[in-house]
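The primary structure of each chain is shown beneath.
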Amino acid sequence: MAASTGGEPVAQYSRLHDYRMEHIMQGGSVKQGKGALATGLPRWRQQVQYAVGHTLNDFYSLQPEVRRETPVQFLLERRWPPKGEAFPSLLHYWDIKTTIADELMRIVSVNHLQEIPVMLYEQWFVPVPELEVDLSMIFQLAWNSGTPGRSLSIQKFMVNGNEDVITGFLHMSNVFCNQAYGQPPETVEIYSLLDGRKHSFDGGAVSYAESLDYVRLLSVFLDQAELADRVVCSSNRRSDKNEDVCGRYGLM
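All of these numbers come straight from a predicted model, not from anything done at the bench. (Residues numbered from 1 in each chain as written. Predicted model: local features only at pLDDT ≥ 70, side-chain atom pairs only at ≥ 80, totals over all residues. Heavy atoms only, no water.)

> Please clarify how the pairing of strand β5 (residues 119-128) should be interpreted in this entry.
Here is the key point about a regular strand: its side chains alternate between the two faces of the sheet. Most of β5 sits out of view: eight of its ten residues are buried. In this sheet, strand β6 (residues 133-144) lies alongside β5 in antiparallel orientation, the contact comprising nine bridges. Residue Leu120 lies in a different strand from β6, and its bridge partner there is Leu141. Where β5 folds back onto β6 in an antiparallel hairpin, the turn is made up of four residues, including Glu132, whose phi is positive at roughly 55°. (Buried < 20%, exposed > 50% of the residue type's maximum accessible area, 1.4 Å probe, protein only. Helix = DSSP H or I, 4+ residues; strand = E, 2+ residues; numbered from the N terminus. Pairing = 2+ DSSP bridges.)

> Would you mind going over the pattern of salt bridges with me for this structure?
Taken as a whole and judged by the stated rule, the model has nine salt bridges. Residues Arg78 and Asp58 are paired through a salt bridge, measuring 3.7 Å at the closest nitrogen-oxygen approach. One end of the pair, Arg78, is in helix α4 (residues 72-79); the other, Asp58, is in helix α2 (residues 43-60), with 20 residues separating them in the sequence. Taking relative accessible area as the criterion, Arg78 reaches 54% and is therefore assigned exposed. Residue Asp58 is joined to Arg79 by a salt bridge in which the shortest nitrogen-to-oxygen separation is 2.9 Å. Of this pair, Asp58 sits in helix α2 while Arg79 sits in helix α4, and the two are 21 residues apart along the sequence. Given the relative accessible area of 34%, Arg79 is considered partly exposed. One continuous salt-bridge network, built from bridges that share partners, spans Asp58, Arg78 and Arg79. (Salt bridge = Lys/Arg side-chain N within 4 Å of Asp/Glu carboxyl O.)

> Looking at this model, I keep getting lost on unusual backbone geometry. Mind explaining?
Note: most peptide bonds trans; most residues except glycine with negative phi. Unlike most non-glycine residues, Tyr121 shows phi in positive territory, near 50°. Locating Tyr121 in the fold gives a position in strand β5. Judged by its relative accessible area of 0%, Tyr121 falls in the buried class. With a phi angle near 55°, Glu132 is a residue other than glycine that sits in the positive phi range. Considering the arrangement of structural elements, one finds Glu132 in the loop between β5 and β6. The exposure class assigned to Glu132 is exposed, which follows from its relative accessible area of 56%.

The analysis is restricted to geometry; functional conclusions fall outside its scope.
Next comes the structure, spelled out in structure tokens:
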């Protein structure tokens, strides 16, 4: 069974973090001489992703009856980055803000209205003996499945979709759920907010063997991921409900 990093034992294997893999898939590298992180992404997108993560965490921390009376755009306003050099123009700033706010309002108005998430921006890990790695996943939103033989309904929110990240997250989620619960996820849903797209996968339609092979390929990048992580996260803090931008709120 998966164990929360809040009280984690000593890891038996090297740990494969999903956010490190996403960083590499986005073309992440370390700029020589400056020690600065190069994600291959504009800084405004990182700031917007961080604001989206905080907003969704704030919103879904509320009880369902309170969520119904709380405009998500109000919570977004508190988290939105200031106008600054990260955005190429003032017009771009307002265009992105309006698009993100509209899309979040549309999603939360129909998303699990009466339910409380079982995972909310939390990091969990599970050993994968076949690969000799611990697979660490950050679940932005996960809900109990009502379908027999399935474990979780998992949701991920990205400012912009990236096909490599989407595929990787799907396979990592499948491996995680099979190892942690002995069952595949019910669904894996990935929202791409700026283009209004929703990528929805039936967890039972993806074979465990296929996902295991995919994660095996990702594990080749462990050394590179650990280098990137030392740059992104300069301290050896535990990953828990206080996970910062380099973890649970993401770089997308």
